[in-house]
Structures are given as structure tokens and as C-alpha cells.
Amino acid sequence: MNLTSIIIPNFNGRQLLMDCIYSIKQFTDTPYEIIVVDNGSTDDSMDFCRMDGITLLSLPANKGFPAACNLGLKLASGDQLLLLNNDTIVTPNWLSNMLDCLYSSEDIGIVGPTTNYASGKQQIPMPFSSLNEIAEHGNKPDKEKWRQVERIVGICFLFTRKVMDRIGLLDERFSPGHYEDDDYCHRARLSGYRSMIAGDVFIYHHGSASFGRQDNLKQLLADNRQKFIDKWSFDPNLFI
Amino acid sequence: MSSMRRRIVREKAANNRKRVKSRRSAHTMVGRKKWKPHVPSRLAVEPAVDHSMDAWIKEAYDAGGRDASLHQIHEAVDHKRCINQYWSGWFLSNSKSIPWRNYGSISNAYLDGYSRRAGIARPNWVLIPTNRTVGVIVMVMNEEHTITGVIEQLQRLPLNEMIVIVNGSTDNSFSIVRKISDAMIVHYSQPLGHDVGRAIGANLAYSDILLFLDGDMPIYAEHLVPFIYGIEQGLDIALNDITPFLGVFSSRDSVTIMKEFINRSMGRPDLQANSLTAVPHALSRKAVEEIGCKHLIVPPKAQTIAIRKGLNIGAPQSIDVITKNRIRDKNVGSSNPVADMIVGDHLEALELAMKADGERLALHDSIRNRSFAGGSGN
């Protein structure tokens, strides 16, 4: 049976991580494994993982998002891989809908959901007023809502092992994070793979500050955008 | 040399020259120009001395001091690895002359000289004779009593990475490792079974030289050096030579017998009972790639693949892992699950080899003429 490896990088986000994993356990009806890559947390995130029996890769210090993801990807044994932020809450049918989209065509390589907070085309206003409502009404499978895009954001990033075998892992030059997802989608496109938004999936994203204060974040975004331009000679913001 | 000894040597050399001179003139033909080699006067007085251990110790001490004064190591850099680079540069350029059995004293002398000149406290490190990246993979299942000792020894080595695979542990193994080291730790709540951890670790590692250890047996860092040097010198697999610790054949267990059987079947009787089944051992990156990480799960299979692919396999070190082997309820008794599993592993390995190389492997039947009785095969 098709196994999905869900890789969740974590840095001092115990409560967020707990909520995220709880929602995965509640709402995922296809086979999956969870791998938490801990980036040197000093809270008891790791204790939680161990006690809950969740596979944990513990790093001694914060190596950033791409490096952590890559280690999780190396550890993963699933036929498809999913990178997930720890500050998300998933919803009923989330994964099965996304998988339907992913495997609906040979040339689809990457799939992402809609969410309340993300840069780019995936952001939609929250369709329900509470998580309970989502649990009851959300995510009815609907392939009419699938649409092709040029870029999927790394918050919830599903792709096939075929793509990974073909184009490799995330580019760690973008550490600590941002634009490695743009870079990956571009590389997938160069290899003939399409990226899709599964519009019939909505997941909740807290959007808590993963990368520190606002001014640091601005600088990081600017630096990494430049790194992308240096690498590919075009502006990644064109595809957002 | 003392001055009296110098005088005696000088006189002896002078006497020798007189004798040689008279012999030569007897054979010199008239008219032929006498050619004398130019001998530097120093050599005429002192014969060339092969560097003894003491001489190398002094050389190493001086080299350490020189490197300390030549280089300033930046704060952010890993000092242990940096100093090891200087050391291995010096050692490898002199390695043909340095007696290997004195490696420990000579490398210690280098570190003495270095730390003295650099004005730092003499660290407890063990320098390794390689510039290649080195990683260690440690398997742990409930080893809270021994893991500290294991890790502390590994921390004396200039490693590029340490990967600890903790599986099925209900004790404090994870917390201890996290607290005392910078290792990458993979924690599985369920026990993975033997050897799976090695495959996982090998897959995660990037280093050129990989050392595999178990968390239940601390090994002195000094004793691990030959595995690393073996790979540096060209081995793809550096096994532990357990031959000195095995008794006579009649006293051996089934696992040992199988290990030797498969080595012989694959045409490597020289490996005796040495096997990837046992730790410690080291692999080169080439070995990992040629064998494939997933085959490391069944070590005899990995070894068979390695032999078939012509990888360089040797056993440069002997560490007694037999007498100290920790007794668990599953690995004692004449028929225990672990022994059965290992014997089964060997059958798996033989099947792979036979499928590829025929049913007799290296041991062809060159004696019989089978066709005379309706037989076939060799």
C-alpha cells in the first residue's frame, strides 16, 4: 500500500507540534509515517515525540528548514513525501484528496492545499469560522477545484518519490529557509513535472513567526530571493 | 652521538678508506683516469642513521610546535579537526618511514608540541592519520550504563559526524546521548532488529570513512585508529580480526563456523571467520555505494556482494569483542534466536552468490568426470 512519509521540522514548538500531530492522527485515513526532525529544541518537544512513539531525528542545533527536511527525506521510506510545518492543523480527507490529485496524472509531481495564511495563490479566506466546522464540513473531494500553478509553498508540500529520485533534495543554500520551495518547484518543472493546488483541501496555518522578528525576516527574504536570482537568472516572485 | 663515539667512528671510517684506496690502486690500469665519487665529509664521519622511535618523537614534537606557530585557528572552526589536518598532512608525507607500531607515541608527541607552543591545555585527543571525512554510526538499544563511555571515547577523535540510532529503548539512552554530545540522534520507539540501524545510519551519513560501533561496548579511541587508517590506505572494508580470540575449531559456535564457511566459499579463506556481522568495522564510501545501504541490513549478504565486486577487504585490527559480549536472553544457548537469524543471514548470502556465480561458487569440481555417469555441472 502507498505510504506517505510526513516530515515535520520543529524548533521549540512543542504545543504547536502536539496539535499538528494530533490532527494528523485524527484526520488521516491513508497509510502514513511521521518523522519529526528536531532542530535543537530546548523545550520538551523531543520528550513528546518519544513518548508518543513518533520517529524523531534530533539535531544538536538549528540547521534550518532545508537541511532538516533533507535529513527527514533521507530517513523516509514512503512512496510519496510530505513536508509539513509544525504550526499547521490538518483536516478530514486532507491527505486522501491531495493524493488523488497527485496521482491523477503521470506528470504531476507536487501538490499543495489551500490555507488561510501563505504567500501566493494558495491563500484563501478561511471558509469556516472554527476548526470544528471544518471537521464536520470540510474537504469534500472535488477535482474541479484542482488547478495547475508554478509554485507550491513549503508549508504543506506533497511530492512523489519519483520526483525526488529525479531531482534530488532541497537546496541548502537557502538555509535557514524561504525560496527553497520555489527552487524545488522550478527544478521539478525543468524535469517535466507539474505543480498543482488541490483546491478541495483546506488546512489551517497559524503562521507563527518561524524565523524570528519581522526585520530579520525581511532581510532573509531579500537575501534568499537574491540567491534564487543568482542561481536561475529570473525573479521567483513572478511565480508566486 | 657523544664526541668519543664520533672519534671512534671517524677513525674506523678513515681506516676503511685507507684499505679501499689500496685495493683500488691495485686494479687501476695505467692511463685510465681514476674516478672517485664525491663523498660529503659529514657522511664520511657518521653513517646514515635510520630514524628510531625517539628521533621520530622529537620530529613530531617539533612539527607540532611549528604548526602551532604557523597557524592561528579561528574561533568558529573545529579545533580538533583543524589540528588533525595539520597532523595528517605531516604524518602522511612521512608515513613510509614512520614505524606504524609507534603511531600512538609519535602522534601524542605532535600534540604535546602543538599544545605547548600554542599555549593551550594539552587535550585528550587521539589524532587520526587521514584527511578524509570520518563518521561514526552507533547502534543503541537500552545501553544507558555503557553509552557514556562509548561516546566519551568517540569524542576524543576528530570526527566529522556522529550518528546514534536509538531504537526500542525504554531507558535513558537518548537523554544521555543528547546531553553529552553533538551527535545526530535518530530515535525509534520500536526495536528495529539487528543491523537495520547500520543501514539507516549509512544512508544518513556523508563521510568518506564510516566506522560502525555498538553502544554496549566502549572502545578506546586509540584502538579504533587502525580501522580508519586501513580505509585511508585503500581498504574498502576494514574488519575486526577476531581470530586471536577464537578457540580451536571444535569449540566454535555455529555463527563463527558459518562466517568462515562463507568466506571460504567466496574464495577468501584468508578472511577466516572475520565478518561484517561483527562490530567494530569500517567502510569506505565506495563500499557503501557499491553494496547499497539496504544490503547492510543482512551483513553476510553485504560481505558477499563486496567480495563479488572485488572490493578491498582486510582486517587491520583485533579488538576482543567476544569475551566481553553482553549477554542478553536472546543470544545465549546452543540454539538461540540471534544465532539462528545469523545462520539464516548466511543462507541468504549464499543464495545471492550462487544465483550469480553458480552453485559451487569458488569451489569448482575439477576432480570428477561426471558425464561418465550421466552427471553434469562443475
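Residues numbered from 1 in each chain as written. Chains lettered and ligands numbered in written order. Predicted model: local features only at pLDDT ≥ 70, side-chain atom pairs only at ≥ 80, totals over all residues. Heavy atoms only, no water.

(A) Local environment of the overall build of chain A. Each helix and strand in chain A was counted, giving 8 helices and 9 strands. Its C-alpha atoms give chain A a radius of gyration of 17 Å, within 12% of the compact-globule value 18 Å for 240 residues. Overall size of chain A, expressed as C-alpha extent along the three principal axes, is 45 × 45 × 35 Å. In chain A, which comprises 240 residues, the share counted as buried stands at 53%. For chain A, contacts bridging at least 24 residues in sequence account for 79% of all contacts bridging at least 6. Surface exposure of chain A reaches about 10,200 Å², of which carbon and sulfur atoms provide 50%. With 23 positive and 30 negative side-chain charges, chain A shows a spacing of 5 Å between the two charge centroids. (Helix = DSSP H or I, 4+ residues; strand = E, 2+ residues; numbered from the N terminus. Rg over C-alpha atoms; globule rule 2.2 N^0.38 Å. Buried < 20%, exposed > 50% of the residue type's maximum accessible area, 1.4 Å probe, protein only. Contact = heavy atoms within 4.5 Å. Areas by Shrake-Rupley, 256 points an atom, 1.4 Å probe, with all protein chains shown as cover. Lys, Arg positive; Asp, Glu negative; His and termini not counted. Charge placed at Lys NZ, Arg CZ, Asp CG, Glu CD.)

(B) Spotlight on the pattern of salt bridges. Residue and element names in this part refer to chain A. In the structure shown here, the tally under the stated rule is 26 salt bridges over all chains. Residues Asp107 and Arg194 are paired through a salt bridge, measuring 3.0 Å at the closest nitrogen-oxygen approach. With a gap of 87 residues between them, Asp107 in the loop between α4 (94-102) and β6 (108-115) and Arg194 in strand β9 (residues 194-205) connect regions that are remote in the sequence. Residue Asp107 is classed as partly exposed on the basis of its relative accessible area of 28%. (Salt bridge = Lys/Arg side-chain N within 4 Å of Asp/Glu carboxyl O.)

(C) Focus on the interface of chain B and chain A. Counting residues at the interface gives 14 residues for chain B, matched by 13 residues for chain A. For the pair chain B and chain A, the summed buried surface comes to about 1,300 Å²; carbon and sulfur atoms form 58% of the total. Of all residues in chain B, Phe174, His187 and Leu204 of chain B bury the most surface against chain A, accounting for 37% of the area lost on that side. Taken together, the links from chain B to chain A amount to 0 salt bridges. Linking chain B with chain A are 6 residue pairs in polar contact (both at pLDDT 80 or more). Counting residues per element, the ones that place at least two in the side of chain B that touches chain A are α7 (173-180), β3 (184-188) and α8 (196-204) of chain B. Top element by residues in the side of chain B that touches chain A is β3 of chain B. It accounts for 5 residues. Broken down by class, the residue content of the side of chain B that touches chain A amounts to 8 nonpolar, 4 polar and 2 charged. Pairing of strand β3 (residues 55-59) of chain A with β3 of chain B, which is carried by 3 bridges, proceeds in the antiparallel orientation. (Buried area = accessible area lost by both parts, 1.4 Å probe. Polar contact = N/O pair within 3.5 Å; in protein donor to acceptor, adjacent residues only side chain to side chain. Nonpolar A, V, L, I, M, F, W, Y, C, P; charged D, E, K, R; others polar. Pairing = 2+ DSSP bridges.)

(D) Main features of the confidence of the model for chain A. Considering every residue of chain A, the mean pLDDT works out to 92; 97% of them sit at 70 or more. Ranking the elements of chain A by mean pLDDT puts helix α5 (residues 131-137) of chain A last, at 74, and strand β4 (residues 80-84) of chain A first, at 98. (pLDDT = per-residue confidence, 0-100.)

(E) Seen up close, the packing of helix α3 (residues 53-70) of chain B against helix α5 (residues 103-118) of chain B. All names here are of chain B. Interaxial distance between α3 and α5 falls to 7 Å at its minimum, and their mutual angle equals 35°. Seen from above, α3 lies across α5 with right-handed handedness. Touching Met53, Trp56, Ile57, Ala60, Tyr61, Ala63, Gly64, Gly65, Asp67, Ala68 and Ser69 of α3 are Ser105, Ile106, Ala109, Tyr110, Asp112, Gly113, Tyr114, Arg116, Arg117 and Ala118, all from α5. Within the contact of α3 with α5, the residues separate by chemical class into 12 nonpolar, 5 polar and 4 charged. (Axes fitted to C-alpha atoms, helices over the stretch in contact; angles between N-to-C directions. Left-handed = near helix turned anticlockwise from the far one by under 90°.)

(F) Quick peek at the side chain of Ser45 of chain A. All names here are of chain A. Here Ser45 is to be found in helix α2 (residues 45-51). With relative accessibility at 0%, the residue Ser45 sits in the buried group. A distance of 2.5 Å separates a polar atom in the side chain of Ser45 from a polar atom in the side chain of Asp43. Residues contacting Ser45, with those up to four places away along its chain left out, are Asn10, Asn12, Gly13, Arg14, Leu17 and Asp38.

(G) Geometry of the environment of Asn94 of chain B. Considering the arrangement of structural elements, one finds Asn94 of chain B in helix α4 (residues 79-94). Measuring from C-alpha to C-alpha, the distance between Asn94 of chain B and Glu290 of chain B comes to 32 Å, with 196 residues separating the pair along the chain.

(H) Local environment of unusual backbone geometry. With an omega of 0°, the peptide bond running from Ser175 of chain A to Pro176 of chain A counts as cis. Tracing the backbone shows Pro176 of chain A in the loop between α6 (161-167) and α7 (180-190). Here the residue pair Val279 of chain B and Pro280 of chain B is connected by a cis peptide bond, since its omega of 0° sits within 30 degrees of zero. In this fold, Pro280 of chain B is placed in the loop between α10 (254-265) and β6 (281-284). A positive phi angle, near 65°, is found at Asn93 of chain A, a position not held by glycine.

(I) Spatial organisation of α3 of chain B. Residue and element names in this part refer to chain B. Taking 1.5 Å of rise per residue, 18 residues should cover 26 Å, and α3 covers 25 Å from first to last C-alpha, within 8% of that figure. Among the residues of α3, Trp56, Ala60, Ala63, Gly64, Gly65, Asp67 and Ala68 are the ones counted as buried. Where α3 is buried, its residues contact α4 and α5. (Expected span 1.5 Å × (residues − 1).)

(J) Region of interest: the packing of aromatic side chains. Taken as a whole and assessed by the stated rule, the structure comprises 16 aromatic pairs over all chains. Aromatic side chains Phe91 of chain B and Tyr103 of chain B sit 5.1 Å apart centroid to centroid with 90° between the ring planes, which places their arrangement in the edge-to-face category. Of this pair, Phe91 of chain B sits in helix α4 while Tyr103 of chain B is found in helix α5, placing the two residues 12 residues apart along the sequence. Residue Phe91 of chain B shares its accessibility class with Tyr103 of chain B, and that shared class is buried. Taken together, the ring pairs in this structure connect Trp56, Trp87, Trp90, Phe91, Trp100, Tyr103, Tyr110, Tyr114 and Tyr229 of chain B into an aromatic cluster. Here the guanidinium or amino end of Arg189 of chain A rests over the ring plane of Phe239 of chain A, the centre of that ring lying 4.3 Å away. (Phe/Tyr/Trp six-rings, centres within 6.5 Å; stacked < 30°, edge-to-face > 60°. Lys NZ or Arg CZ within 6 Å of the ring centre and 35° of its normal.)

(K) A look at the confidence of the model for chain B. All names here are of chain B. The predicted model of chain B has a mean per-residue pLDDT of 87, with 87% of residues at 70 or higher. Put simply, helix α2 (residues 41-45) is where chain B has its lowest mean pLDDT, 46, and β6 is where it has its highest, 98. This stretch, residues 25-32, has a pLDDT under 50; its non-local contacts, to residues over four places away or in other chains, come to 1 contact. Low pLDDT (under 50) marks residues 41-49, which in the prediction has 10 contacts with non-local residues, meaning those over four places away or in another chain. Confidence estimates for the predicted assembly give a pTM of 0.86 and an ipTM of 0.93.

(L) Summary view of the pairing of β4 of chain A. All names here are of chain A. Of all 5 residues that make up β4, 5 are buried, and the element is covered over most of its length. The two faces of β4 match: Gln80, Leu82 and Leu84 on one face and Leu81 and Leu83 on the other face are all buried. Across 4 bridges, strand β1 (residues 4-10) lies against β4 in parallel orientation. Among the inter-strand pairings, Thr4 is bridged to a residue of β4, identified as Gln80.

(M) Main features of the packing of helix α6 (residues 147-154) of chain B against α7 of chain B. All names here are of chain B. Closest axis-to-axis distance for the α6/α7 pair is 10 Å, and the angle between their directions is 25°. Taken as axis vectors, α6 and α7 run roughly parallel relative to one another. As for how α6 packs across α7, the hand of that crossing is right-handed. Across from Ile147, Thr148 and Ile151 in α6, the residues of α7 making contact are Ile176, Val177 and Ile180. Residue composition of the contact of α6 with α7, by class: 5 nonpolar, 1 polar and no charged. (Parallel < 35°, antiparallel > 145°, perpendicular 65-115°, else oblique.)

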